[in-house]
Amino acid sequence: MGLNTQVNEAQEQAFKENAADFAQLESQLDEVRRRALSRLESVGLTGGTDILNCLVCTVCQGWTPGDDNKCGNCSHDWFAHNVK
């Protein structure tokens, strides 16, 4: 299927269902992120000039640039991080 190919009804429906699923997932991820940040704020771990690299572990003293703007020393996967 090329970029200029006409999409049939079944394909269009599949795209719509995919979009709905991803929108729902994004909403759920936003809520989890809000709860995680709220928990950390309630115990004084956010705010100011410090940037939390990961929502699962404390700020790393040996932060090094890594993939996806996360600490190269952090062993947590993408979903543990401060996803935007």
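Quick caveat: nothing in here was measured; it's all calculated off a predicted structure. (Residues numbered from 1 in each chain as written. Predicted model: local features only at pLDDT ≥ 70, side-chain atom pairs only at ≥ 80, totals over all residues. Heavy atoms only, no water.)

Enquirer: Whenever I open this one, the overall build of the chain confuses me. Can you help?
Expert: Scanning the chain from N- to C-terminus turns up one helix and zero strands. The burial tally for the chain puts 15% of its 84 residues in the buried class. Long-range pairs, those at least 24 residues apart, make up 24% of the contacts in the chain between residues at least 6 apart in sequence. Surface accessibility of the chain: about 7000 Å² in total, with carbon and sulfur atoms responsible for 52%. (Helix = DSSP H or I, 4+ residues; strand = E, 2+ residues; numbered from the N terminus. Buried < 20%, exposed > 50% of the residue type's maximum accessible area, 1.4 Å probe, protein only. Contact = heavy atoms within 4.5 Å. Areas by Shrake-Rupley, 256 points an atom, 1.4 Å probe, with all protein chains shown as cover.)

Enquirer: I would appreciate a short explanation of helix 1 (residues 9-42) in the present structure.
Expert: Every α-helical turn comprises 3.6 residues, leaving residues that sit three or four positions apart pointing alike. When the terminal C-alpha atoms of helix 1 are compared, their 50 Å separation across 34 residues agrees well with the 50 Å that a helix rising 1.5 Å per residue should span. Along helix 1, the residues that are buried comprise Ala36, Leu37 and Leu40. Looking at the residues trailing helix 1, positive phi occurs at Gly44, about 75°. (Expected span 1.5 Å × (residues − 1).)

Enquirer: Whenever I open this one, the pattern of salt bridges confuses me. Can you help?
Expert: Side-chain pairs of opposite charge can arise whenever the charged atoms involved come near each other. Within this structure, the stated rule accounts for three salt bridges. For Arg34, the salt bridge is made with Glu31, and the minimal N-O distance between the two is 3.1 Å. Of this pair, Arg34 and Glu31 are both found in helix 1, three residues apart, which corresponds to roughly one turn of the helix. Residue class for Glu31 comes out partly exposed when judged on its relative accessible area of 33%. Note that Glu31 and Arg35 form a salt bridge whose closest N and O atoms lie 3.8 Å from each other. Note that Glu31 and Arg35 are positioned in helix 1 at a spacing of four residues, about one turn of the helix. Taken together, the salt bridges that share partners define one network made up of Glu31, Arg34 and Arg35. (Salt bridge = Lys/Arg side-chain N within 4 Å of Asp/Glu carboxyl O.)

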